[in-house]
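# Fold and contact review
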Amino acid sequence: MGGSEDESKDVSWNTDDELEIEGPPCDSTSALTNVGGANLSGSCEASSSAGPSRSKLFHHFLGMGFPEKLVARVIDESAEGNTDSILETLLTYSVLENSAQEEQDTKRSPQIVEDANFVHKFDADFDQKINADSDFWSSDYEENCAYDFSDSDSCGTEYTSTTLSEKQQKLSFLADMGYPPEEASLAIERCGPDSSVEELSNFLSAAQMARAEDPYYVDPPVKEKYSFSKYGDKKRKMLDYDLERKRRKGFGDQDDEPIRLPKPMVGFGLPTDQFGFGLTTDQCPVVRRTLPEAAVGPPYFYYENVALAPKGVWDTISRFLYDVEPEFVDSKHFCAAARKRGYIHNLPIDNRFPLLPLPPRTVHDAFPLTKRWWPSWDPRTKLNCLQTAIASARLTDRIRKAVEKWDREPPLSVQKYVLDECRKWNLVWVGRNKVAPLEPDEFEMLLGFPKNHTRGGGISRTDRYKSLGNSFQVDTVAYHLSVLRDLFPAGITLLSLFSGIGGAEVALHRLGVPLKAVVSVEISEVNRNIVKSWWEQTNQKGMLVHIEDVQQLTGDRLEHLISTFGGFDLVIGGSPCNNLAGSNRVSRDGLEGKESSLFFDYFRILDSVKCIMGKK
């Protein structure tokens with residue numbers, strides 16, 4: 001992804017806004033489900049800024065309700081002074097102390113209970129501690145679940161854990177994580193008073209993702225004031241001020257209502273029966289559109305981002321991109337995994353065609369060896385959106401133990417737990433009672449990339465998952481770009497912004513469109529190396545130019561590039577979705593967000609290209 005070098009180098013552009021739960025639709029009032037997964041808040045590698053003062057850190061965590069001695073001890077032990085690691089250590093100590101006291105009082109023994117609390121009862125270790133190597137994140141992804149508290153109030157009224165009940169402490173922690181108090185209170189009621197803060201956070205995250213799947217669900221109005229009587233006056237005033245500041249900026253109610261997306265999400269049409277897609281005219285009607293005059297090329301342009309963005313975001317994107325109507329498409333119609341995206345472009349929409357051969361469009365077609373082990377009570381035929389993180393070995397082991405206890409089908413409560421985790425983490429059955437996360441090679445296949453596209457060259461598994469999770473789905477994008485094959489038989493000159501691992505370039509190559517020249521703008525060195533390697537391995541004859549940062553593309557530099565290559569035929573890209581993703585409870589600020597505001601660089605560059613080429 002392209003972006004500001006100093007702000008974005010270590011940021012993972014997460015696309016975990018969507019989680020398609022197959023089967024009966026969830027009622028919006030009962031979407032909260034007990035899960036044993038991590039808070040799927042995305043790949044939030046952008047941790048708190050380094051170097052906060054000891055005094056600021058001390059008052060920050062003291063204001064969250066931690067004991068004074070414990071805060072001082074943990075800050076002393078923290079060599080780096082990172083707020084995320086300090087918070088994790090404080091939560092761990094708190095839960096361990098509480099669990100140890102409860103165990104001494106009640107002398108509980110491990111048990112499995114066939115009810116809604118199954119996941120919390122299965123293993124005594126689960127509800128007695130929070131481990132950095134949790135059930136829900138592999139050790140490779142510990143950095144991805146960090147919260148950024150750098151902008152939070154750090155000087156609240158001093159109070160210790162002894163002045164608050166255990167429930168109030170948990171409510172306070174969850175509020176600081178960004179969860180509404182009403183939801184946090186309901187989570188404690190559903191999960192039970194013994195639930196840890198991490199379990200409650202997982203519970204709330206799963207509920208948010210389930211609600212996000214219902215495009216007609218409307219959140220209740222956001223209350224303007226927090227209701228914790230134990231919050232000090234100063235902290236309460238700061239929270240109220242923050243809400244008022246957002247309202248003044250005009251985006252304080254963006255989360256009140258998700259954008260109403262079409263069902264089915266098929267855009268301006270999908271391939272017909274002649275390609276074996278099995279869609280009728282009623283399911284996929286023919287669409288005609290007339291582009292606004294300002295949107296007509298040259299150049300052609302193509303912009304992509306997550307469909308489930310905050311209210312008003314796509315209206316704003318459309319308004320900037322010459323009032324072109326978005327085309328919303330779910331990639332489950334092209335492959336075996338969901339990926340809900342919005343696309344704004346000025347390409348023709350007639351005579352589009354898919355890449356051949358068609359990719360597998362069910363799980364069993366994609367992974368035929370899994371069919372032997374797939375239980376009858378797992379109804380999944382499609383996977384959910386591929387994320388930047390995978391489930392840990394501990395979670396898959398927990399699922400194995402949960403299932404193998406039963407000679408026949410496990411009870412419904414166990415089935416529900418297992419299915420929730422399988423859907424959340426895209427786990428597949430690889431043996432008797434055994435599930436496993438997808439391998440990077442399997443990600444590549446589902447997303448339409450060539451085998452080993454991200455493998456080797458010093459690229460770690462962590463980087464492979466991260467890069468693939470943030471990429472285009474090649475078959476979907478290629479269907480939209482297919483009209484360019486006849487328009488540019490001699491080849492195309494491409495300006496690729498936020499290039500990632502080259503999804504657009506791969507799509508055009510697979511369509512048979514020669515790449516005369518590609519100017520690829522991508523801030524990640526890992527991704528630039530992947531694109532360079534692909535370019536060499538596929539024996540491209542054109543010229544590849546790498547630029548690290550979209551903000552380096554000034555008007556003068558664009559004019560020089562246009563003079564060098566004679567203009568651009570297509571400007572394509574998808575800016576970071578960090579502040580748009582539905583699971584981002586910390587900084588879901590829409591296009592005002594630090595990363596997602598880079599959309600305006602896409603528009604700036606596109607508009608400059610249009611102006612410069614118009615003069616010529």
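A brief look at the structure comes next. (Residues numbered from 1 in each chain as written. Predicted model: local features only at pLDDT ≥ 70, side-chain atom pairs only at ≥ 80, totals over all residues. Heavy atoms only, no water.)

### Brief notes about the environment of Tyr-417
We count it as follows: Counting from the N terminus, the helices are DSSP H or I runs at least four residues long and the strands are E runs at least two residues long. Only protein chains enter the accessibility calculation, which uses a 1.4 Å probe. A residue is then buried if its area is under 20% of the maximum for its type, exposed if over 50%, and partly exposed in between.
On the secondary structure map, Tyr-417 appears in helix H13 (residues 412–425). For Tyr-417, a relative accessible area of 2% translates into the label buried. Taking the C-alpha atoms as reference points, Tyr-417 and Ala-402, separated by 15 residues in sequence, lie 9.2 Å from one another.

### A short note on the sheet that holds strand S2 (residues 327–330)
Applicable threshold: Any two strands with at least two DSSP bridges between them are considered paired. The convention used is that axes are lines fitted to C-alpha atoms, helices contributing only their stretch in contact, and that angles between N-to-C directions extend from 0 to 180 degrees. What makes two residues a contact is simply this: any of their non-hydrogen atoms within 4.5 Å.
Taking strand neighbours across the sheet as the criterion, the 7 strands line up as S2-S3-S1-S9-S6-S7-S8 in an open arrangement whose pairing is mixed. Strand pairing shows two members of the sheet lacking a second neighbour, S2 and strand S8 (543–547), which therefore form its edges. When the angles between neighbouring strand axes are averaged without regard to direction, this sheet yields 20 degrees. Those strands touched by helix H20 (residues 555–565) are strand S6 (492–497), strand S7 (515–521) and S8, and its axis lies near 175 degrees from that of S8.

### Comments concerning the packing of helix H16 (residues 474–481) against helix H18 (residues 503–511)
How we decide: The cut-offs work like this: below 35 degrees is roughly parallel, past 145 is roughly antiparallel, 65 to 115 is roughly perpendicular, and the gaps in between are oblique. In this scheme the handedness of a crossing depends on how the near helix is turned from the far one: anticlockwise by less than a right angle means left-handed, clockwise means right-handed. Each residue gets one of three labels, nonpolar for Ala, Val, Leu, Ile, Met, Phe, Trp, Tyr, Cys and Pro, charged for Asp, Glu, Lys and Arg, and polar for the others, Gly among them.
The interhelical angle for the contact between H16 and H18, taken along N-to-C directions, is 60 degrees, at an axis separation of 9 Å. Taken together, H16 and H18 sit at an angle that is classed as oblique. Viewed along their axes, H16 and H18 form a crossing whose handedness is right-handed. Taking contact as the criterion, the partners of Val-474, Asp-475, Val-477, Ala-478 and Leu-481 in H16 are, on H18, Gly-503, Ala-504, Val-506, Ala-507, Leu-508, Arg-510 and Leu-511. Of the residues in the contact of H16 with H18, the class split is 9 nonpolar, 1 polar and 2 charged.

### Regarding the pattern of salt bridges
Pairs may arise between side chains of opposite charge once their charged atoms sit close together. For clarity, the threshold we go by: Think of a salt bridge as a Lys or Arg side-chain nitrogen and an Asp or Glu carboxyl oxygen that are within 4 Å of each other.
Summed over the entire model, instances satisfying the criterion amount to 15 salt bridges. In this structure, Arg-400 and Glu-404 form a salt bridge, with 2.9 Å as the shortest nitrogen-oxygen distance. With Arg-400 and Glu-404 both in helix H12 (residues 393–404) and 4 residues apart, the pair spans about one turn of that helix. Since its relative accessible area comes to 26%, Arg-400 is described here as partly exposed. Arg-510 is the partner of Asp-475 in a salt bridge, and the nearest nitrogen-oxygen pair spans 3.9 Å. Of this pair, Asp-475 sits in helix H16 while Arg-510 sits in helix H18, and the two are 35 residues apart along the sequence. Under the relative-accessibility criterion, Asp-475 is labelled buried at 4%. Within the structure, one salt-bridge network assembled from shared partners comprises Asp-397, Arg-400, Lys-401 and Glu-404.

### Some details on the packing of aromatic side chains
The criterion, for reference: Only centres within 6.5 Å qualify two rings of Phe, Tyr or Trp (six-membered ring in Trp) as a pair; their planes then separate them into stacked at under 30 degrees, edge-to-face at over 60, and tilted for everything else.
If you walk through the whole model with that rule in mind, you get 16 aromatic pairs. Arranged with centres 5.2 Å apart and planes meeting at 70 degrees, the rings of Tyr-303 and Phe-599 form a pair that is edge-to-face. Taken as a pair, Tyr-303 in strand S1 (residues 300–306) and Phe-599 in helix H21 (residues 599–615) lie far apart in primary sequence, 296 residues in all. One exposure class covers both Tyr-303 and Phe-599, and it is buried. With centroids separated by 6.2 Å and ring planes inclined at 50 degrees, the aromatic side chains of Tyr-322 and Phe-603 adopt a geometry described as tilted. Here Tyr-322 is found in the loop between helix H10 (313–320) and S2, whereas its partner Phe-603 is found in helix H21, with 281 residues between them in sequence. Here the aromatic cluster, defined as three or more aromatic residues joined through ring pairs, consists of Phe-301, Tyr-303, Trp-314, Phe-320, Tyr-322, Phe-328, Phe-599, Phe-600, Tyr-602 and Phe-603.

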